[in-house]
Amino acid sequence: MKFFKKISYKNIACLFSCAIFFILTSCEEDLTKARGNQSKNFPSQIINNANIVQRDSGFVTLKAKAPIIEKYELIDSAYTVARKGIDIQFFDKKKPNVPGTIKAKYAKFYDYKKFYEAKGDVRITTNEGQKFAMQSIYWDQRKNRIYTKDTVYVTMEDGSTLVGANGMTAKDDFSEYTFYNNSGDFSSKRISENKK
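Residues numbered from 1 in each chain as written. Predicted model: local features only at pLDDT ≥ 70, side-chain atom pairs only at ≥ 80, totals over all residues. Heavy atoms only, no water.

Caption draft 1: Broad picture of the overall build of the protein chain. Check the secondary structure of the protein chain and you find two helices and 14 strands. Within the span of the protein chain, comprising 196 residues, buried residues form 28% of the whole. Sequence-distant contacts in the protein chain: of pairs separated by 6 or more residues, those separated by 24 or more amount to 35%. Taken as a whole, the protein chain presents about 13800 Å² of accessible surface, with 55% of it coming from carbon and sulfur. (Helix = DSSP H or I, 4+ residues; strand = E, 2+ residues; numbered from the N terminus. Buried < 20%, exposed > 50% of the residue type's maximum accessible area, 1.4 Å probe, protein only. Contact = heavy atoms within 4.5 Å. Areas by Shrake-Rupley, 256 points an atom, 1.4 Å probe, with all protein chains shown as cover.)

Caption draft 2: The nonpolar core, seen in detail. Core analysis: the largest hydrophobic core is formed by 16 residues, its most contacted members being Phe132, Ile137 and Met168. Secondary structure elements with two or more residues in this core: strand S7 (115-125), strand S8 (131-140), strand S10 (152-155) and strand S12 (168-171). Apart from residues lying up to four places away in sequence, Met168 is in contact with Phe132, Ile137, Ile146, Tyr147, Thr148, Val152, Phe174, Thr178, Phe179 and Tyr180. Counting eight residues, the second largest nonpolar core, distinct from the first, contains Ala50, Ala64, Ala66 and Ile69. (Core = buried A, V, L, I, M, F, W, Y, C linked by side-chain atoms within 4.5 Å.)

Caption draft 3: The arrangement of the pattern of salt bridges in detail. Within the structure shown, the criterion is met by six salt bridges. The shortest N-O distance in the salt bridge between Lys105 and Asp121 comes to 3.1 Å. Linking Lys105 in the loop between strand S5 (95-104) and strand S6 (106-110) with Asp121 in strand S7, this pair joins segments that are 16 residues apart in sequence. By relative accessible area, which is 30% here, Asp121 ends up partly exposed. For Lys171, the salt bridge is made with Glu176, and the minimal N-O distance between the two is 3.9 Å. Accessibility expressed as a relative area gives 33% for Lys171, which makes it partly exposed. (Salt bridge = Lys/Arg side-chain N within 4 Å of Asp/Glu carboxyl O.)

Caption draft 4: Spatial organisation of the packing of aromatic side chains. Going through the model one piece at a time under the given rule, you end up with 10 aromatic pairs. Ring geometry for Phe115 and Tyr138: centres 6.2 Å apart, planes at 20°, overall stacked. With Phe115 in strand S7 and Tyr138 in strand S8, the pair connects residues that are 23 residues apart, well separated along the chain. By relative accessible area, Phe115 is classed as buried at 17%. (Phe/Tyr/Trp six-rings, centres within 6.5 Å; stacked < 30°, edge-to-face > 60°.)

Caption draft 5: Examining the pairing of strand S1 (residues 45-56) more closely. Looking at chain direction, S1 and strand S2 (residues 59-72) are connected through 11 bridges and run antiparallel. The residue of S2 that forms the bridge with Asp56 is Phe59. (Pairing = 2+ DSSP bridges.)

Caption draft 6: The confidence of the model for the protein chain, seen in detail. When the pLDDT values of the protein chain are averaged, the result is 79; 73% of them are 70 or greater. Confidence drops under a pLDDT of 50 for residues 28-32, and excluding neighbours within four residues, the segment shows zero contacts in the predicted structure. (pLDDT = per-residue confidence, 0-100.)

Caption draft 7: Highlighting the environment of Asn49. Here Asn49 shows up in strand S1. Relative accessible area serves as the criterion here: at 66%, Asn49 is assigned to the exposed category. Note: C-alpha distance between Asn49 and Pro67 (18 residues apart in sequence) is 4.4 Å. Residues contacting Asn49, with those up to four places away along its chain left out, are Ala66 and Pro67.

Caption draft 8: Region of interest: the side chain of Ser136. Here Ser136 is to be found in strand S8. Using a relative accessible area of 9% as the deciding quantity, one classes Ser136 as buried. Of note is the side chain of Ser136, whose polar atom sits 2.5 Å from the side chain of Asp150. (Polar contact = N/O pair within 3.5 Å; in protein donor to acceptor, adjacent residues only side chain to side chain.)

Caption draft 9: The environment of Ala107, seen in detail. Tracing the backbone through its elements, the reader meets Ala107 in strand S6. The spacing of Ala107 and Lys119 is 12 residues in sequence and 6.3 Å in space, taken between C-alpha atoms. When near neighbours in sequence (up to four residues on either side) are disregarded, Ala107 contacts Thr80, Val81, Ala82, Ile86, Glu117 and Ala118.

Rendered as structure tokens:
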């Protein structure tokens, strides 16, 4: 009888230690799996009260101000975001003293794709004096195209107005643009100049 008690205690102790071993190793595997699935989508850089100046061969091409800019670089498609709005001045060598402006409540830039988006009361003023208002706009820098599907309200430098109910596409320097389902109030002088 004593022999069976010794064997059963040894068997129980052996089974108990094996069970603990398997429980611990299975927990370690679960922890590594859980850690592997954690989000890496957090900012690697944060700039508060950002004041950015971009130059090309000494010429200032862009000035940007934002309350906060966050750069996300630890993911596959890195991007930069201005969640609390942005105010940009862009300069053209033809009119270096008269900047164009872009203001929006939110902006995002995809680094690899060279693609920008701005949302929330977007206001654009060109250095020619044209004013554009819409809710969102997208800029494909590689194709030099700007577009939106939102209603676009345009006020020209001479005071005439135009509404593109189904959006627009434009060159990124606003030298050419196309409005979809448009209406407006144009001066007769402008219409006669376009017919020539």
